[in-house]
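Descriptive analysis of the structure
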Amino acid sequence: MRSDSVMLRVVLAAILAGTLLPAALIAAVGGATWWTLALTAGGEIIALLWLALARPGRASGLSNALHDRPSAHAEHTRQQRLATQLRDVRDAAQSWPDAIVLLDRQGCVRWRNTAASRLLGLHRQADERPLADRLSGSELGAWLRKESDQLHTDMPAPADPALRLSVTIMAFGAHMQLLLARDISTLNRLEQVRRDFVANVSHELRTPLTVIHGYLELLDPADLPELAPVLVEMRMQSQRMRQIVEDLLTLSRLETRHALPDEHVAMAPLLETLRREAEALSQGRHIITLDAATDVDVRGSGHDLHSAFSNLVSNAVRYTPSGGNIRLSWQRTSAGEAVFSVRDSGLGIPAEHLGRLTERFYRVSASRSRESGGTGLGLAIVKHILNLHQARLDVESEPGRGSTFACVLDVSRVIDSTIDTLDSGDSSPAGTSARRL
Ligand code: ADP
């Protein structure tokens, strides 16, 4: 296609030369006649044809030039747009209220925003020392050196110890890390106000309730037969109120603790006590068994572990109809964890409630809880106690078939090195919902 057009141009050039040159010569010697004019006109036509042929070539050259220029322009615009976007992202990160620090593989600050200067005291940009060294002497510096957890929920701000921080560190890019620190001082203060309020109200209610309960105990329903049902109800309700206040005080006490006593808790007598308590609460309405598959003891607070375990026992008795089975067991998992569990053949809990059971006053059925003398605080107490032992609560349940509540204590709390593995037949049957709380 291209070579055809070249050929054509060559032929046209030859014709052009063959017509225009003789015409020019004749004109030069003064013999201009009609045929010299015809030759000249023909030459002009050929010249026009030449131009016409040449134009596409020139046009394509021009279009290339035009095309090249917009692509360079587009590239420039694209780069400008990217630069603007980058600036916007950096400005947003710069004015973000949380501290953001980008650390390189040596742990040195590559970039930090304004909040990082304010909260962490990172004012000098050109400090080449690792961040842990720059913050040495602060809790954050020590934590960075250890880097045991990815999230530290509450620590003083290095720049101002009156401020409290929640700090997260995460991998970023190939070998970098991103440190985020949020000022949680206001949140902490609000939480403290809430805790103080609940503790104070409970304390204030405790004395008048004790007085009322005392007087009610003095009144014998037999002496006032017409008021007997009223008196019985009043005693029951005042007992419930006292129990709620006691549970709220227990929760307040647990909330203010960061650690509990680290005693040697002898499990054999504790398990026996729990079994007796279950028998006493059940009053012969259930078949109660104790299966101690291991004889290991644990480290922790004996008083609080007893309180957590007996809450589970009490629930099993209260939510299992007469004739049902309740099995207390003490076992170890293949990972060496120690597990205290209470399995019942009672009412069970629908799956959608499992995740919320440890919330204060959360009840699957409010009327059932009240009828059985519940306060709605038992599992919240259990959860707090287990948290303070770095333990967890696993729940499995199937409505109409029963529930299993298991307190799983880490191997580091176990006082014994022998491992008695949990029976693999313990796996949940179909239809059972399970939850780690
Ligand atoms: P409560 O004092 O109401 O029993 P808890 O915090 O101990 O409060 O338990 C929360 C709710 O969980 C209870 O109201 C009850 O609905 C449900 N629940 C707890 N244990 C069991 C169980 N073993 N079987 C069935 N439901 C249970």
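Right above here is the structure, for reference.
No experiment lies behind these values; they were computed from the predicted model shown.

1. What to know about the overall build of the protein
If you tally the helices and strands in the protein, you get 12 helices and 14 strands. Considering only intrachain contacts with a sequence separation of at least 6, the fraction spanning at least 24 residues in the protein is 60%. For the protein, the computed accessible surface area is about 25300 Å², with 59% contributed by carbon and sulfur atoms.

2. Some remarks on the environment of Ala-434
In this structure, Ala-434 sits in strand 14 (residues 433-436). By relative accessible area, which is 52% here, Ala-434 ends up exposed. Distance in space between the C-alpha atoms of Ala-434 and Glu-398 is 8.9 Å, their sequence separation being 36 residues. When sequence neighbours within four positions are dropped, the list of residues in contact with Ala-434 reads Leu-354, Val-395 and Glu-396.

3. Focus: the packing of aromatic side chains
All chains considered together, the criterion is met by 1 aromatic pair. Seen from their ring centres, Phe-309 and Phe-340 are 4.3 Å apart, and the 25° between their planes marks the pair as stacked. Separated by 31 residues along the polypeptide, Phe-309 in helix 9 (residues 302-318) and Phe-340 in strand 10 (residues 338-344) bring together distant segments of the chain. In this pair, the class of Phe-309 matches that of Phe-340, namely buried.

4. Description of helix 8 (residues 267-282)
End to end, helix 8 covers 22 Å across 16 residues, agreeing with the expected 22 Å (1.5 Å per residue, within 8%). Of all the residues in helix 8, the buried ones are Met-267, Leu-270, Leu-271, Leu-274, Ala-278 and Ser-282. Along the axis of helix 8, the buried positions cluster into a sector of 105°, meaning they face one direction only. More than 90 degrees from the buried face of helix 8, the exposed residues found are Ala-268 and Ala-280. Elements that come into contact with the buried residues of helix 8 comprise strand 6 (263-265), strand 7 (287-292), strand 8 (297-300), helix 9, strand 9 (325-332) and strand 10. Once helix 8 ends, the next one or two residues include Gln-283, with phi positive near 50°.

5. Description of the pattern of salt bridges
A complete count under the given rule lists 18 salt bridges for this structure. Residue Asp-262 is joined to Arg-299 by a salt bridge in which the shortest nitrogen-to-oxygen separation is 2.5 Å. Of this pair, Asp-262 sits in the loop between helix 7 (228-256) and strand 6 while Arg-299 is found in strand 8, placing the two residues 37 residues apart along the sequence. Across the pair Arg-275 and Glu-272 runs a salt bridge whose closest N-O atoms are separated by 2.7 Å.

6. Focus: the sheet that holds strand 10
In spatial order, the strands read 7-9-10-12-11-14; together these 6 strands make up an open sheet with mixed pairing. Of all the strands in the sheet, the pair left with one neighbour each is strand 7 and strand 14. Along the sheet, successive strands turn relative to each other by an average axial angle of 10°, direction set aside. One ladder, built from 6 bridges, connects strand 7 with strand 9; its direction is parallel. Looking across to strand 9, one finds that Ala-292 is bridged to Trp-330. Along the sheet face, helix 8 touches strand 7, strand 9 and strand 10 and points at about 170° away from the line of strand 7.

Cut-offs and rules
- Residues numbered from 1 in each chain as written.
- Predicted model: local features only at pLDDT ≥ 70, side-chain atom pairs only at ≥ 80, totals over all residues.
- Heavy atoms only, no water.
- Helix = DSSP H or I, 4+ residues; strand = E, 2+ residues; numbered from the N terminus.
- Contact = heavy atoms within 4.5 Å.
- Areas by Shrake-Rupley, 256 points an atom, 1.4 Å probe, with all protein chains shown as cover.
- Buried < 20%, exposed > 50% of the residue type's maximum accessible area, 1.4 Å probe, protein only.
- Phe/Tyr/Trp six-rings, centres within 6.5 Å; stacked < 30°, edge-to-face > 60°.
- Expected span 1.5 Å × (residues − 1).
- Arc of directions from axis to C-beta.
- Salt bridge = Lys/Arg side-chain N within 4 Å of Asp/Glu carboxyl O.
- Pairing = 2+ DSSP bridges.
- Axes fitted to C-alpha atoms, helices over the stretch in contact; angles between N-to-C directions.

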